[in-house]
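Residue-level structural notes
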Amino acid sequence: MALVSWSMDYASAKSLQAYKWVHAELKGNVALQYLAWITYPVILITFSSVFCNLVAPQSIGSGIPELKTILRGVVLKEYLTLKAFIAKVIGLTAALGSGMPLGKEGPFVHIASICAAVLSKIMSIFTGVYENSYSYTDILTVGCAVGVGCCFGTPLGGVLFSIEVTSTYFAVRNYWRGYFAATFSAFIFRVLSVWNKDAVTITALFRTNFRMDFPFDLQELPAFAIIGISCGFLGAFFVYLNRQVVLVMRRQTKLTRFLTKHRLIYPFVVTLVIATFTFPPGFGQFMAGELMPRECINSLFDNFTWTKIEGSVNPPGLGHSTVWLHPHVSVFLILLLFFIMKFWMSAVSTTMPIPSGAFMPVFILGAAFGRLVGEIMATLFPNGILFDGIIYRILPGGYAVIGAAAMTGAVTHTVSTAVICFELTGQISHILPMMVAVILANMVAQGLQPSLYDSIIQVKKLPYLPELGFGHISKYNIFVEDIMVRKVKFLSPQSTYRELTHLLQSTSLKTFPLVDSKESMILLGSIERFELQAACDWWLSAERRVFNQGQGSKNMWDTSFTLKDRGENGEKLIPCLTSPKGNMCKENSNRLRTEPCGTPNSTLIFTSYYIIVHWLLQIKAWEEVELVKPINLEQIRVDPSPFQLVERTSLHKTHTLFSLLGLSHAYVTSIGKLVGVVALKEVRLIKSISKEISLLKGIQTHSGSTMERREDRHKKCR
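Reading the values: the criteria
Residues numbered from 1 in each chain as written. Predicted model: local features only at pLDDT ≥ 70, side-chain atom pairs only at ≥ 80, totals over all residues. Heavy atoms only, no water. Helix = DSSP H or I, 4+ residues; strand = E, 2+ residues; numbered from the N terminus. Buried < 20%, exposed > 50% of the residue type's maximum accessible area, 1.4 Å probe, protein only. Contact = heavy atoms within 4.5 Å. Areas by Shrake-Rupley, 256 points an atom, 1.4 Å probe, with all protein chains shown as cover. Pairing = 2+ DSSP bridges. Axes fitted to C-alpha atoms, helices over the stretch in contact; angles between N-to-C directions. Phe/Tyr/Trp six-rings, centres within 6.5 Å; stacked < 30°, edge-to-face > 60°. Core = buried A, V, L, I, M, F, W, Y, C linked by side-chain atoms within 4.5 Å. UniProt positions renumbered as here; feature names shortened; annotations may be inferred. Expected span 1.5 Å × (residues − 1). Salt bridge = Lys/Arg side-chain N within 4 Å of Asp/Glu carboxyl O. Disulfide = S-S within 2.5 Å. pLDDT = per-residue confidence, 0-100. Lys, Arg positive; Asp, Glu negative; His and termini not counted. Polar contact = N/O pair within 3.5 Å; in protein donor to acceptor, adjacent residues only side chain to side chain.

**Here we look at the overall build of the protein chain**
The number of helices and strands found in the protein chain is 27 helices and 9 strands. A burial count over the protein chain gives 49% of its 718 residues as buried. In the protein chain, the share of contacts with a sequence separation of at least 24, taken over all contacts with a separation of at least 6, comes to 72%. Total accessible area computed for the protein chain in this model is approximately 35,700 Å², and 63% of it derives from carbon and sulfur atoms.

**Description of the sheet that holds strand β9 (residues 673-679)**
Taken together, 3 strands build an open sheet; the order of strands is β7-β8-β9 and the sheet is mixed. Whereas interior strands pair on both sides, the edge strands pair on one side only; in this sheet they are β7 (644-646) and β9. With direction set aside, neighbouring strand axes in the sheet form an average angle of 35°. Judged from the 6 bridges that link them, strand β8 (residues 665-670) and β9 form a sheet pairing that is antiparallel. Within the sheet, the bridge partner assigned to V668 lies in β9 and is G676.

**Overview of the packing of aromatic side chains**
Taken as a whole and assessed by the stated rule, the structure comprises 22 aromatic pairs. Measuring from centroid to centroid gives 6.3 Å for W176 and F180, while their planes differ by 65°, and the two rings are edge-to-face. With W176 and F180 both in helix α8 (residues 175-195), this residue pair falls 4 residues apart, about one helical turn. As far as the burial class goes, W176 and F180 line up, both exposed. Between the aromatic rings of F224 and Y399, the centroid separation amounts to 4.9 Å while the plane-to-plane angle is 45°, which identifies the pairing as tilted. One end of the pair, F224, is in helix α9 (residues 221-250); the other, Y399, is in helix α16 (residues 396-412), with 175 residues separating them in the sequence. Given the relative accessible area of 1%, F224 is considered buried. The exposure class of Y399 is buried, given its relative accessible area of 1%.

**Thoughts on the nonpolar core**
Ranked by size, the top nonpolar core spans 135 residues in total, and within it F301, W324, F363 and V678 carry the most contacts. The element contributing the most residues to this core is helix α15 (residues 359-380), with 12 residues. Residues contacting W324, with those up to four places away along its chain left out, are A288, L291, S299, L300, W306, V331, I334, L335 and F338. Ranked by size, the runner-up nonpolar core spans 15 residues in total, among them F512, I527, A535 and C536.

**A word on the UniProt feature "transmembrane region" (unreviewed entry) in the protein chain**
The positions that UniProt labels "transmembrane region" (unreviewed entry) are, in the present scheme, residues 34-56, 108-127, 139-163, 175-195, 221-243, 264-283, 324-345 and 357-381. Within residues 175-195, the helical portion is 100% and the strand portion 0%, while the C-alpha atoms at the span's ends are 30 Å from each other.

**Topic: helix α4 (residues 82-96)**
In this model α4 runs 21 Å from its N-terminal to its C-terminal C-alpha over 15 residues, within 8% of the 21 Å that 1.5 Å per residue would give. In terms of burial, α4 is a largely internal element, 11 of the 15 residues being buried. Turning to α4, its buried residues number three or more, namely A84, F85, A87, K88, V89, G91, L92, T93, A94, A95 and L96. Buried residues along α4 sit against α1 (2-25), α2 (30-55) and α5 (105-123).

**Overview of unusual backbone geometry**
For H413, which is not glycine, the phi torsion reads 60° and is therefore positive. The residue H413 is located in the loop between α16 and α17 (417-425) in this model. Residue classification places H413 among the buried residues on the basis of a relative accessible area of 19%.

**Remarks on α2**
Here α2 spans 38 Å end to end across 26 residues, near enough to the 38 Å set by a 1.5 Å rise per residue. Listing the buried residues of α2 in full gives Q33, A36, W37, I38, P41, V42, L44, I45, S48, S49 and C52. Elements that come into contact with the buried residues of α2 comprise α1, α4 and α11 (265-277).

**Focus: the pattern of salt bridges**
Under the defined criterion, the tally for this structure stands at 10 salt bridges. For K460, the salt bridge goes to E66, with nearest N and O atoms at 2.6 Å. You can see K460 sitting in helix α19 (residues 452-460) and its partner E66 sitting in helix α3 (residues 64-71), a full 394 residues away along the chain. Relative accessible area serves as the criterion here: at 2%, E66 is assigned to the buried category. The residue D454 makes a salt bridge to K68 at a minimum N-O spacing of 2.8 Å. Residue D454 is located in helix α19, and its partner K68 is located in helix α3; the two are separated by 386 residues in the primary sequence. Classification of K68 as buried rests on a relative accessible area of 7%. Several salt bridges converge on common partners, so that one network encompasses D9, K104 and R294.

**Structural notes on the state of the cysteines**
If you walk through the whole model with that rule in mind, you get 0 disulfides. Take C151: it sits in no disulfide, and the sulfur closest to it among the cysteines is that of C150, at 6.9 Å. Taking the relative accessible area as the measure of exposure, C151 reaches 0% and is therefore buried.

**A few points about the environment of G409**
Position of G409 among the secondary structure elements: in helix α16. Look at G409 and you get buried, because its relative accessible area is 0%. The spatial distance from the C-alpha of G409 to the C-alpha of A441 is 6.9 Å, given a sequence separation of 32 residues. Once you skip the residues sitting within four places of it in the chain, G409 turns out to touch T414, T417 and N442.

**Looking at the confidence of the model for the protein chain**
Mean pLDDT over the protein chain stands at 78; residues scoring 70 or higher make up 81%. Segment residues 551-568: pLDDT under 50, and 30 contacts once partners within four positions in sequence are set aside and those in other chains are kept.

**Concerning the side chain of R243**
Within the secondary structure, R243 sits in helix α9. D454 provides the closest opposite charge to the buried, salt-bridge-free R243, at an N-O distance of 9.9 Å. Only 2.6 Å separates the side chain of R243 from the side chain of Q449, close enough to count as a polar contact. A distance of 3.1 Å separates polar atoms of two side chains, one belonging to R243 and the other to S455. Once you skip the residues sitting within four places of it in the chain, R243 turns out to touch Q449, P450, S455 and V459.

Right, dumping it as structure tokens:
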């Protein structure tokens, strides 16, 4: 995965280098510059969309929401296949090389998980351990950690981020495995950069050089807290905006039907609009439009204070930061325009039908917002902050790092973004204010919106179990009996094969409960659908029919007639199909006579048709006899211990068990008697209907207590 990550970075970097080279070569001709500036990304985005739609539509999007669902125990077809791997890698490389505000981390988690799934299938040839569903889940979890670890060279934050994003409950046994794999992937990823002479030695990806002796003053903590709270609101609004764009595109209108029919128009228009706004000689000069994503981060994290440089000679080593300094426009306005424009561009571009993530665009947004606050603080305290007789100047770059961590934490609802940030920058000096800002951002964002990944799960209606939320009172006063399905489809030893066939045809259930009898309803176990289907198919199979008749070596004609007649020399005689009197003829090499015996060909055809119909009627009669027989449970594998709940199990406990064990359903019993079943569908819907259930239970309780008070009054009167 480290090799794949480095190769994608190398290819996309060369693509962006060619993009900027073409723009620079056409300097002086604005019309041609604009044409080249919009054509290049449009071609790459269109190619990515076409390629992914043709090869594997499952490769579109981030991939983390689907992985959360898969790790929950739900099977999503074609999401972890080699086709999806190829489509995701090529499509993502083209998308990153276009310069659009798109991320790599989410799709790369999907890519690493596909690699883990394919490797587990290969390893299952040599050892059966990997065929176990729990081992499969473990290796997918490690794949998620590797995906983040080798994406930016951040093994510590990668493991923690994968735990927070993909797992509701995490198995500690996978902790060291994740670190082991993520550390090696991050190490090889950075070694490849040294080998390619992109770096002198193994260093952080966005290395900073903030002072270590006094990185920040305690008086700056309120400003860091303001960044965290503001990023919480902004992150929640980003998730809301992203979801609204997707919902608008999914509404059944003439426009959406047209865009669905012509899939390439939407990415074409979005790319065209974004490229037009970022065109450097045009509006892009007021929002640092010519900077590519990594150049943006490096410039926002630098040590210079732009408000002090503005209007003076640029100091040496300023690099890409010169783009932020416009001779006629304030730095504050440029940063504000950059943040506002990139905000809606990122929210819209991540909805295009291509492999894309939102981590990097949101990271840049947070860095821009933090830099804006840092420049404001540097303006308010131009001489720095006095501490112990020494004046320390304010570092706007440190504010940018804190803003990046807070914004990504608010959008993804994770705290590990702080660890990722200090691994990316190579400095731990701002870890304390960074944690404060990230925690405050999470507190605000979690109270307003779900995370970006949970929002996508809701829009796509994936079968994932959401959290009940802190202080959800209904999880204690709602029980399984309030939400369970009481009309349960079941089987018993007295059930016939006809009933089984009807059950399989009329329902799509994957598991059926087995009870002692229809009267007692004592739960004996459960049977998988494929087991019942295989048993039913074998019971009515031709092999079993021939075997039961004791004529397993004879063909279909021999099963319809008993041939006892022999010729003079002992040869077998068969019914003559061309004789009107049914005479016996010698058997030829083709088992049936084809030469006419003095009768017309129509008689031959009629007789053949009669024999076939007679044979089919015999089969039908045999099947009717077999269908009324009871099911032979000795030939079927029965799970004797399906998961069971009692009627008074609370919603809180039910939700915890479903999340922890990855259950798809559970049977509800009362003293061993099957009374209902509760599935993932009912538990998922409980969050939306819990208020109604609580209200109804409250009304019932109130009416019951009123009746009790009336009875007490009557007793006193008597």
